[in-house]
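Given next are the chains, with one letter for each unit.
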Amino acid sequence: MSISIGIDLGTTYSAAAYVNPQTGIPEIIPNPEGKKITPSVIQFINGKILFGSEAEEAFNEGASGCAATFKRSMGTDGIYCTIGGKSYTAENLSSMLLKYIKDYVEAETGEKIKEAVITVPAYFYAVEREATLRAAQDAGLNVKKIIDEPNAAAMSYGLNHWRENANILVYDLGGGTFDVTLIHMQGNGELQTVVTRGDHFLGGRDWDNRLQDILIRKFSDETGIDFHDEPESLRIVRGMSERVKKQLSRITSFEVSADFPNYGKASVDISRDEFEAGTSDLLRRTGDFCRGLIDEAGIKIKDVTDVLLVGGSTRMPAVSNYLAEIFGKKPLAHVNPDEAVALGAAIQATKGNEEYVGLSVIVKDNHKVTERKNFLGLVKPERKLTGLEVITLRETTAHAMGMIAVSQDGTRYINDIIIPANHPRPVRAAKAFSFRTSLRGNNEMEIYVLQGDKINPLENLIPFKYTVTGIEHKSEIKGRTIIKVQYTYDTNGIIKVEARQDNSTSNLTVTREHVPEDISKFSRPPEKIEAKPQNLNLVMAVDVSGSMIGKPLDDAKQAMCDFIEKLDFDYTRAAIMAVSDRTETVCLLSSSKSRCIRAVNSIECGQTGYENETHPFNEIESLLANEEGRKFAIVLADGVWQRQDKAVKAARMCNNSGIETSGIGFGHADEKFLHDISSNDANAIFVQGSEDLGRAFGTIAQSLGGSSEIDGGGLTGLQAQDVQTWES
Ligand code: ADP
Ligand code: MG
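Residues numbered from 1 in each chain as written. Chains lettered and ligands numbered in written order. Predicted model: local features only at pLDDT ≥ 70, side-chain atom pairs only at ≥ 80, totals over all residues. Heavy atoms only, no water.

Participant: Mind laying out the sheet that holds strand 27 (residues 461-469), listing which residues take part and the relevant values?
Facilitator: Reading across the sheet, the 5 strands line up as 23-22-26-27-30 and stay open at both edges, with antiparallel pairing between neighbours. Of all strands in the sheet, those with a lone pairing partner are strand 23 (413-419) and strand 30 (509-513), marking the two edges. Geometrically, the sheet is characterised by an average inter-axis angle of 35° between neighbouring strands, direction not taken into account. Across 6 bridges, the pairing between strand 26 (residues 445-451) and strand 27 is antiparallel. The partner of Ile447 across the bridge, within strand 27, is Tyr466. The strands touched by helix 3 (residues 126-138) within the sheet are strand 26, strand 27 and strand 30, with strand 27 carrying the most contacts at an inclination of about 85°. (Pairing = 2+ DSSP bridges. Helix = DSSP H or I, 4+ residues; strand = E, 2+ residues; numbered from the N terminus. Axes fitted to C-alpha atoms, helices over the stretch in contact; angles between N-to-C directions. Contact = heavy atoms within 4.5 Å.)

Participant: Please give an account of the environment of Lys496 that cites residues and values.
Facilitator: Looking at where Lys496 falls in the secondary structure, it is placed in strand 29 (residues 495-501). Lys496 sits 16 residues away from Arg512 along the chain, and the two C-alpha atoms are 10.0 Å apart.

Participant: Please set out the site of ligand 1 residue by residue, giving values where relevant.
Facilitator: By nearness alone, 17 residues border ligand 1, and Thr12, Gly175, Glu242, Lys245 and Ser249 come closest of all. Here an oxygen atom of ligand 1 and a backbone polar atom of Gly175 are 2.9 Å apart. One of the backbone nitrogen or oxygen atoms of Ser313 is found 3.1 Å away from an oxygen atom of ligand 1. Computed on the free molecule, ligand 1 has an accessible area of 570 Å², of which 91% lies beneath the protein chains in the complex. Looking at the shell around ligand 1, the element that brings in the most residues is helix 6 (residues 231-250), giving 4 residues. (Near = heavy atom within 4 Å. Polar contact = N/O pair within 3.5 Å; in protein donor to acceptor, adjacent residues only side chain to side chain. Areas by Shrake-Rupley, 256 points an atom, 1.4 Å probe, with all protein chains shown as cover.)

Participant: Explain the sheet that holds strand 36 (residues 685-687) to me, using residue names and the numbers behind them.
Facilitator: Overall, mixed pairing links the 6 strands, which are arranged 33-32-31-34-35-36 in an open sheet. In the strand order of this sheet, the two ends are held by strand 33 (583-590) and strand 36, each with one partner. Strand after strand, the sheet turns through a mean of 15° between neighbouring axes, direction not considered. Where strand 31 (residues 536-543) lies against strand 34 (residues 630-638), 7 bridges are found, and the strand directions are parallel. Each residue of the ladder has a partner; that of Val539, found in strand 34, is Ala633. Packed on one face of the sheet, helix 13 (residues 617-624) meets strand 31, strand 32 (572-579), strand 33, strand 34 and strand 35 (659-666) and runs near 160° to strand 34.

Participant: Could you give me a rundown of the packing of aromatic side chains, with the residues and numbers involved?
Facilitator: On inspection of all chains with the given rule, the structure shows 14 aromatic pairs. Ring centres of Tyr413 and Phe522 lie 4.9 Å apart, and the angle between their planes is 90°; on these two criteria the pair is classed as edge-to-face. In this pair, Tyr413 sits in strand 23 while Phe522 sits in the loop between strand 30 and strand 31, placing the two residues 109 residues apart along the sequence. For the pair formed by Tyr413 and Phe522, the shared burial category is buried. Connected via pairs of aromatic rings, a cluster forms that spans Phe51, Tyr100 and Tyr104. (Phe/Tyr/Trp six-rings, centres within 6.5 Å; stacked < 30°, edge-to-face > 60°. Buried < 20%, exposed > 50% of the residue type's maximum accessible area, 1.4 Å probe, protein only.)

Participant: Account for helix 3, with residues named and values stated.
Facilitator: Side chains three or four residues apart in an α-helix point the same way, a direct result of the helix having 3.6 residues per turn. Spanning 13 residues, helix 3 covers 18 Å between terminal C-alpha atoms, matching the ideal 18 Å at 1.5 Å per step. With 10 of its 13 residues buried, helix 3 lies for the most part within the structure. Those residues of helix 3 that sit buried are Ala126, Val127, Glu128, Arg129, Glu130, Ala131, Thr132, Leu133, Ala135 and Ala136. Positive phi shows up at Gly140, right after helix 3, with a value of about 85°. (Expected span 1.5 Å × (residues − 1).)

Participant: Can you break down empty space enclosed by the protein residue by residue, with the values?
Facilitator: Scanning the model with the defined rule gives 3 cavities of 30 Å³ or more in all. Counted as a void, the largest cavity has a volume near 40 Å³. Residue lining of the largest cavity: Thr11, Lys71, Arg72, Pro121, Tyr123, Phe124, Thr177 and His200, and that is the complete set. Counted by class, the lining of the largest cavity contains 3 nonpolar, 3 polar and 2 charged residues. (1 Å grid on protein atoms, 1.4 Å probe; cavity = no way out; pocket = protein on both sides within 12 Å on 5 of 7 lines; lining within 4 Å. Points joined across faces, edges and corners; volume = space filled by probe spheres on them. Nonpolar A, V, L, I, M, F, W, Y, C, P; charged D, E, K, R; others polar.)

Participant: Describe unusual backbone geometry, with residues and values.
Facilitator: Residue Arg425 is joined to Pro426 through a cis peptide bond whose omega torsion reads 5°. Looking at the secondary structure, you find Pro426 in the loop between strand 24 (424-425) and strand 25 (427-436). If you check the backbone angles, Asn46 has positive phi at about 45° while not being a glycine. For Asn46, a relative accessible area of 75% gives the class exposed. Positive phi outside glycine occurs at Asp502, with the angle close to 45°. Secondary-structure assignment places Asp502 in the loop between strand 29 and strand 30.

Participant: Before we move on, can you summarise the environment of Met316 with the specific residues and values?
Facilitator: Along the chain, Met316 falls in the loop between strand 17 (306-310) and helix 9 (317-327). With 112 residues separating them along the chain, Met316 and Gly204 place their C-alpha atoms 9.6 Å apart. Leaving out residues up to four positions away in the same chain, Met316 has contacts with Leu173, Trp207, Lys245, Ser249 and Phe275.

Participant: Any chance you could break down the packing of helix 8 (residues 280-297) against helix 9 for me, citing the residues and the numbers?
Facilitator: Where helix 8 meets helix 9, the axes come as close as 11 Å, and the angle between the chain directions of the two elements is 35°. The two elements helix 8 and helix 9 cross, and the hand of that crossing is right-handed. For the pair helix 8 and helix 9, the contacting residues are Leu283, Arg284, Thr286, Gly287, Cys290, Arg291 and Ile294 in the first and Ala318, Val319, Tyr322, Ile326 and Phe327 in the second. Grouping the amino acids of the contact of helix 8 with helix 9 by side-chain chemistry returns 8 nonpolar, 2 polar and 2 charged. (Left-handed = near helix turned anticlockwise from the far one by under 90°.)

Participant: Explain helix 4 (residues 149-160) residue by residue, including any values.
Facilitator: The buried count for helix 4 comes to 11 of 12 residues, which makes it a mostly enclosed element. Among all positions in helix 4, only Glu149, Pro150, Asn151, Ala152, Ala153, Ala154, Met155, Ser156, Tyr157, Gly158 and Leu159 are buried.

Participant: Tell me about the nonpolar core, and please be specific about residues and values.
Facilitator: Counting residues in each nonpolar core, the largest one holds 46 residues, and the members touching the most others are Leu169, Tyr171, Leu215 and Phe219. With near-sequence residues (within four places) excluded, Tyr171 lies in contact with Phe178, Asp179, Leu283, Thr286, Cys290, Val307, Leu308, Leu309, Val310, Thr314, Val319 and Leu323. One finds Ala67, Ala136, Ala139 and Leu141 within the second-largest nonpolar core, a separate group that totals 40 residues. (Core = buried A, V, L, I, M, F, W, Y, C linked by side-chain atoms within 4.5 Å.)

Printed below as a string of structure tokens:
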């Protein structure tokens, strides 16, 4: 048989639990020392690696070769510590600790571990979650899920104390972190996280440091020792602070003794009152978080049904007293704050997986959730749930997730939020961004993922950058394309990014990259994509076969001259060709408008023969081959040409070398042929009579007028819109 376990991978202490298959009750699996919690400390000594109380004591005494509190650095690539010439990242160290836990669980239970659920603080960002996942995989654990610590605690509490419509505030004060979460107990055993907040740098260690300061003051008054000058004495006080703190949770005052190197034995009195007075501001900081959280949830203090204490630091009596003052009731004492998280994870480990939910909130101002399910209702009396299967956990996104985009007015970069904070997860949402491609550019779009809901992108965490490649340039829409970006926040709180172009049903290639060091460009106004027209090289080839005699050619010449009149010759050069049995270049690329008009007017019917034996595309290609800028050829045809197949092939060659082609026809022209020689359907124009040619050229003029938008590439004044999501 194999078992599924839950692991609370804490900053200071870790624990493992499983649902005992005999009893169906979640229980902690003790470590080799018979203890229910294991210090998250590793000691490297004489080529050996030690865990447990030995490592903890060594660390507390300031011994070298110890690694602790590495959880705070999860997700950072840097070396956390170098011991004995070997370097370790926080992820390596977590992995070693998890391996230790895995081994003792298997030894203690005599079972192989099938799957594990690992807990992380609710406010952990995607990178930290990913690092945790990898650490567990490296330790040889098959990770079923990563869940949030407060949710795990609420699960273990809820099992025995289910109350429909109850709002449970989970107050988790650990060794290095503080986390507060509002969880709603719905009907049918569903736990829903409502809002969560936390402070990465507030925890028991801060209380230790304050106590250390108090003790140093007292001992130096008593002994005259200058602790600045005596590192050994300082280490002694540092080593005792945590123990003294814990003692003060049990008794209100006592005598603390120490033996200092250059002084000898000394003792001072310490009282809980003194300790509490010296740390009250820390406690108030946690209170401010609670009030902010309640505000954000849109409820009142009185709507909080119960306060659940989690984390070893909540054993300090001041915590309960302070929270009782705020909430008008004593916090619950039903769960063991050291064990609740691991027990809840064990419950989750025995349950099924959740399904994706669609984005169902309304987002106002692009960053605030305005509509939330009303979760106030009559709180039903407490009852025991009948089994593990009945608890369903609905976790939420602790942070909003967006991407860097240009504001609608084009003046600045903003955080365009795709998934708001505090939304049930797993969730998938997509937005459409308008993106301009260029004909020759490599057409890559950069996605900078943001976690956080500050509008200024640089005030958020930027965990990843992605590059989207393979975006197709479509000249018929002047390179204006829609790129849909889809974010998936999975059940583990890990992010996946996908992209699609226009209505395509396949994903573009999305590659994750390191976020560049210098991203200061996003604090400056976006570069304006200048409306300056791009240089245009234009060839106009007109059919001068016999069928054009008289009015048709006169109309064609008139239409061409009108068209030339409208072109801006500061940026344009035009060439004129006559084509029938041969092709003759009447005027090479010229930037003189009058010269081009004269050339058009000089064209005569039959000047290159009266049949249509050839096509002009070879000449067009060789004329434009080495030109810079936009290249465009208009071929005006009347009737059917003898070698249309050759013309089509040659036209394709032109297109392949970056020349856009347009076939204009009238009278007896072959419409399909016009399409075949045009680089896109919009460029193929058929009109009934020659008198309508002016209109045909007008259409081309319009599409050429947009030439300024062809180049550039990049996000334009983004009008991002929510769009339908797709299956990954
Ligand atoms: P984490 O989840 O961050 O690993 P824990 O929830 O295990 O942390 O809590 C560890 C913290 O709780 C430490 O700072 C420890 O000193 C503190 N702690 C444990 N027991 C007590 C106690 N009886 N009184 C005061 N603080 C305690
Ligand atoms: Mg904890």
